[in-house]
Amino acid sequence: MKIGIFDSGIGGLSVLHLAMKMMPCEEFLYYADESHVPYGEKTEGEILRFVKENLDFLISEGAEAVVIACNTATSVATKEFRGRFPVPIVGMEPAVKKALELYRGEEKRILVAATPVTIAGDKLHDLLKRVDSGHDADLISLPSLVHFAEKGEFSSQAVDEYLKEELRAFDLANYSALVLGCTHFNYFKERFRHVFPGSVHFVDGNEGTVRQLLRVLPRKPETEGEGKVSYYFSGREADEKEKERLSYCLEQLEKVYHIQ
Ligand code: DGL
């Protein structure tokens, strides 16, 4: 069974990475919309158009379910597209609920990092109304991390300086958890670990998303045979160089996978 996963770029590889661990015999189609990254700085109208193009493409390639491995795209497009496609679609949202459930008891606050579109969007604010009645979550947008990630700059002095500058206004000792509310942020767990006190937990929505995918798949995943991934860049097959870049990114994600 073919399962589509898309993001504006390389962020959604963190979802693919986990999906391959949880469904090792499945066939995945990974679609990076590299012509339009970053979504987090685009208008809602533009994002809606990109999401529709990506979904149409993956379904035409035979995907029987699609994961929108992008919090920004989900934030804008879920309501619009719910029930309008012939296959199940799974979106993702910042894992605020999980972070509050796991770490609110520590009497500290939760910091939610995402793109500007996600931070400003109604979807996140509706979620906070539902799950954060105690107003324990603070929000920060970190758009430059998407640019650093797309350049393959996962660890550098410039990244550390950017994080320190953006986080200067926050007393980091007050937080028990950082929610990685953009899939591109997973690449920077080592850098976050460096900047945040050691007691801060990192929470992302990847596991919840893959579990939801498992619930909506039209059939049980394969348990035999070799898994496979085909890569696409904005409506065409990725070339060898692009595939190498994506494999390198997956290696980086494997390295930071256990940092929590
Ligand atoms: N990776 C995406 C997310 O989870 C968006 C990054 C971007 O294109 O701005 O929100």
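Before any of the text, the structure's been laid out above.
Draft legend 1. Inspection of the environment of Gln157 at higher detail. On the secondary structure map, Gln157 appears in helix H8 (residues 157-167). In this structure, the C-alpha to C-alpha distance between Gln157 and Leu142, residues 15 residues apart in sequence, is 16 Å.

Draft legend 2. Unusual backbone geometry, seen in detail. Omega for the bond connecting Val37 with Pro38 falls within 30 degrees of zero, at 5 degrees, which places this linkage in the cis form. Among the secondary structure elements, Pro38 is positioned in the loop between strand S2 (27-32) and helix H2 (44-60). In the Ramachandran plot, His135 falls in the positive-phi region, its phi being about 55 degrees despite a non-glycine side chain. Within the secondary structure layout, His135 lies in the loop between helix H6 (122-131) and strand S6 (137-141). Under the relative-accessibility criterion, His135 is labelled exposed at 61%. Of note in the backbone geometry, Ser234 takes a positive phi value of approximately 40 degrees without being a glycine. Secondary-structure assignment places Ser234 in the loop between strand S9 (228-233) and strand S10 (236-237). Overall, Ser234 belongs to the partly exposed group, its relative accessible area being 22%.

Rules of the game
Residues numbered from 1 in each chain as written. Predicted model: local features only at pLDDT ≥ 70, side-chain atom pairs only at ≥ 80, totals over all residues. Heavy atoms only, no water. Helix = DSSP H or I, 4+ residues; strand = E, 2+ residues; numbered from the N terminus. Buried < 20%, exposed > 50% of the residue type's maximum accessible area, 1.4 Å probe, protein only.

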